[in-house]
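Overview (structure and organization)
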Amino acid sequence: MKPLLLKGVRPYGEGEPIDLLIRDGVIAEGTDSDAEVIEGNGAVLLPGFVDLHTHLREPGREDTETIETGSRAAALGGYTAVFAMANTDPVADNAVIVEHVARRGREVGLVDVHPVGAVTVGLEGEKLAELGTMAKSKANVRVFSDDGHCVHDPLIMRRALEYSKALGAVIAQHAEEPKLTVGAQAHEGENASRLGLQGWPAAAEESIVARDCILAKQVDAKLHVCHVSTTGTADVLKWAKARGTKVSAEVTPHHLILTDDRLSTYDPVNKVNPPLRTQDDVDALRRALADGTIDCVATDHAPHAVQDKDCEWSAARPGMLGLQTALGIVVETMVKTGLLDWRGVARVMSEKPAEIAGLTDQGRPIAVGEPANLVLVDPDATWTVNGAELASIAGNTPFEGMELTGAVTATVLRGRVTALAGRIAE
């Protein structure tokens, strides 16, 4: 592999532009006349993004996404590592499936694909899956989740936390008390009442988060809370962290910008789990991300087939695309508002998610001797979202037609360019 020279780049958006040499997959000193050159033109250089929450749909729903197409979307979005959720068909609840996902990720080679193992067999919440077998497999699973379903039984959740502690792993919880969300279609509030949609109370999320924080504290295990969506959950997290609980949390880009006001058209592209909440919730989530109560941004990238979205609201599947729009939404909601600078972006999109998942080669400082997993960002470039032009097979983006600021100009995985100027590097 030829050396790579990034000319005129600004690490973390700070100081004057510098030239940065990459040799043998790591950041090196000096220069090299034989290096491949990418002109940075003052662009911001950040550690490659890490997504803790991606649905790649393979195996089982390759009509909506594959590991290859999802990897392409991830690389174009500036990601160098993604975690593929377990709700595939068959479910990733055993070593055979997680090893298949990991192997396909390596074969595609555009991002590091880390399979997430299911907590319970078949995501049914009744019997623990083979956590130890998956952890000791070639896939080296270190994150377990029943995402899409809540581990609602407190005894099973406690046992999962105990096992994960012994394995050095983390349990990522989809916090939703199922008895409070039977038939729920939208955030419980004024808009749901006006539109005639069954309400989805904030307490369904907050009660599970509170319970699990207590359990995690009791057994001294690591808990990660998926897609935080309410003010109350942020308050619970702040309380739990103050008690020394080993809890981390993520927020999605769409929960940082969209509200349930969008539901007035009944367009299922806006249907998601957990649902879009109120402007007060959006504002609280932004503050919580800025002050570290919420640790990171995770896309919950969820491709769906046309027939699963182009239908009546109640029949539509919940979920939105996110890998290629995440940076732009973070810039719009956090950077432009002054809540985060570019070091802050690196923290919530790279460093913290890598730390939560125990990745030692991602989210690293931009320094000599460190792995060259990097993303180059033009902070001033604007672009308009067009679902048909995104790399995913599906096109269910809620940001259709939105103009976003901040464009990925290059993604580098261990010194190899995976995406350049909006295209996958062949």
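Residues numbered from 1 in each chain as written. Predicted model: local features only at pLDDT ≥ 70, side-chain atom pairs only at ≥ 80, totals over all residues. Heavy atoms only, no water.

**A short note on the overall build of the protein**
- A count of helical and extended segments in the protein gives eleven helices and 18 strands.
- Relative to the compact-globule value of 22 Å for 426 residues, the protein shows a C-alpha radius of gyration of 20 Å, a close match.
- For the protein, the residues scored as buried account for 61% of the 426 residues in total.
- Taking the intrachain contacts of the protein between residues at least 6 apart in sequence as the baseline, contacts between residues at least 24 apart amount to 75%.
- In the form shown here, the protein has an accessible surface area of approximately 16,300 Å², with 48% of it arising from carbon and sulfur atoms.
- Looking at charge distribution, the protein has the averaged site of its 41 positive side-chain charges lying 5 Å from that of its 61 negative ones. (Helix = DSSP H or I, 4+ residues; strand = E, 2+ residues; numbered from the N terminus. Rg over C-alpha atoms; globule rule 2.2 N^0.38 Å. Buried < 20%, exposed > 50% of the residue type's maximum accessible area, 1.4 Å probe, protein only. Contact = heavy atoms within 4.5 Å. Areas by Shrake-Rupley, 256 points an atom, 1.4 Å probe, with all protein chains shown as cover. Lys, Arg positive; Asp, Glu negative; His and termini not counted. Charge placed at Lys NZ, Arg CZ, Asp CG, Glu CD.)

**What about the side chain of His-227?**
- Of note, His-227 is situated in the loop between β12 (223–225) and α7 (231–242).
- What His-227 contacts, discounting residues up to four positions off in sequence, is His-53, Asp-147, His-174, Glu-205, Glu-250, Thr-252, Asn-273, Pro-274 and Asp-300.

**Notes on the sheet that holds strand β8 (residues 143–145)**
- Taken together, five strands build an open sheet; the order of strands is β8-β9-β12-β13-β14 and the sheet is parallel. In the strand order of this sheet, the two ends are held by β8 and β14 (296–297), each with one partner.
- Two elements, strand β13 (residues 247–251) and β14, share two bridges in a ladder whose sense is parallel. Bridging from a neighbouring strand, Val-251 pairs with Val-297 of β14.
- Its contacts with the sheet place helix α4 (residues 154–167) against β8, β9 (170–173) and β12, and it is angled at close to 145° to β9. (Pairing = 2+ DSSP bridges. Axes fitted to C-alpha atoms, helices over the stretch in contact; angles between N-to-C directions.)

**Brief notes about the pattern of salt bridges**
- Here the structure, examined in full by the defined rule, presents 18 salt bridges.
- The shortest N-O distance in the salt bridge between Arg-414 and Asp-112 comes to 2.8 Å. Taken together, the residues Arg-414 in the loop between β16 (403–413) and β17 (416–420) and Asp-112 in strand β7 (residues 112–115) connect sequence positions 302 residues apart.
- Arg-414 sits in the partly exposed class, given a relative accessible area of 37%.
- Since its relative accessible area comes to 12%, Asp-112 is described here as buried.
- Asp-212 serves as the salt-bridge partner of Arg-211, at 2.8 Å between the closest nitrogen and oxygen.
- For Asp-212, a relative accessible area of 1% gives the class buried.
- In this structure, a network of salt bridges that share partners links the residues Lys-241, Asp-295, Lys-352 and Glu-355. (Salt bridge = Lys/Arg side-chain N within 4 Å of Asp/Glu carboxyl O.)

**Quick word on the UniProt feature "active site" (unreviewed entry) in the protein**
- Following the UniProt record, the feature "active site" (unreviewed entry) maps to Asp-300 here.
- Residue contacts for Asp-300: discarding those within four places in its chain leaves His-53, His-55, Asp-147, His-227, Thr-252, His-254, Asn-273 and Met-320. (UniProt positions renumbered as here; feature names shortened; annotations may be inferred.)

**Looking at the UniProt feature "binding site: Zn(2+) 2" (unreviewed entry) in the protein**
- Sequence positions flagged by UniProt for "binding site: Zn(2+) 2" (unreviewed entry) are, in local numbering, Asp-147, His-174 and His-227. Look at the named residues: they lie 81 residues apart in sequence, but the longest C-alpha span between them is just 9.9 Å, so in the fold they bunch up.
- Assignment of secondary structure puts Asp-147 in the loop between β8 and α4.
- Not counting the four nearest positions on each side in its chain, Asp-147 is found in contact with His-53, His-55, Met-85, Asn-87, His-174, Cys-226, His-227 and Asp-300.
- There is a polar contact of 3.1 Å between the side chain of Asp-147 and the side chain of His-55.
- Looking at His-227, its side chain comes within polar contact range of the side chain of His-174, at 3.2 Å. (Polar contact = N/O pair within 3.5 Å; in protein donor to acceptor, adjacent residues only side chain to side chain.)

**What to know about α4**
- If you check α4, its first and last C-alpha atoms are 20 Å apart, about what 14 residues at 1.5 Å a residue would give, namely 20 Å.
- Restricting attention to buried positions, one finds in α4 the residues Ile-156, Met-157, Ala-160, Leu-161 and Ser-164. Seen along its axis, α4 keeps its buried residues to an arc of 140°; they face one direction.
- In this fold, the buried residues of α4 make contact with α3 (131–136), β9, α6 (203–219) and β12.
- You can read the cap of α4 off the contacts: a side-chain oxygen lies 2.8 Å from the backbone nitrogen of Leu-155, and it is on Asp-153.
- One or two steps after α4, the chain reaches Gly-168, where phi turns positive at roughly 70°. (Expected span 1.5 Å × (residues − 1). Arc of directions from axis to C-beta.)

**Overview of unusual backbone geometry**
- Backbone torsion omega between Glu-58 and Pro-59 reads 10°, so that peptide bond is classified as cis.
- Its place among the elements puts Pro-59 in the loop between β5 (49–54) and α1 (67–76).
- With an omega dihedral of 10°, the bond running from Asp-89 to Pro-90 counts as a cis peptide bond.
- Among the structural elements, Pro-90 can be located in the loop between β6 (79–84) and α2 (95–108).
- Although it is not a glycine, Asn-140 adopts a positive phi angle of roughly 50°.
- The residue Asn-140 is located in the loop between α3 and β8 in this model.
- Classification of Asn-140 by relative accessible area gives partly exposed; the value is 44%.
- At Asp-220, a position not held by glycine, the phi torsion is positive, near 60°.
- Tracing the backbone through its elements, the reader meets Asp-220 in the loop between α6 and β12.

**Observations concerning the packing of α1 against α2**
- As a packed pair, α1 and α2 sit with axes 10 Å apart at the nearest point and diverge in direction by 55°. It follows that α1 is oblique to α2 by the angle criterion. For the pair α1 and α2, the crossing hand works out as right-handed. Contact residues: Ile-67, Glu-68 and Ser-71 in α1; Val-101, Arg-104, Gly-105 and Val-108 in α2.
- Partitioning the contact of α1 with α2 into residue classes produces three nonpolar, two polar and two charged. (Parallel < 35°, antiparallel > 145°, perpendicular 65-115°, else oblique. Left-handed = near helix turned anticlockwise from the far one by under 90°. Nonpolar A, V, L, I, M, F, W, Y, C, P; charged D, E, K, R; others polar.)

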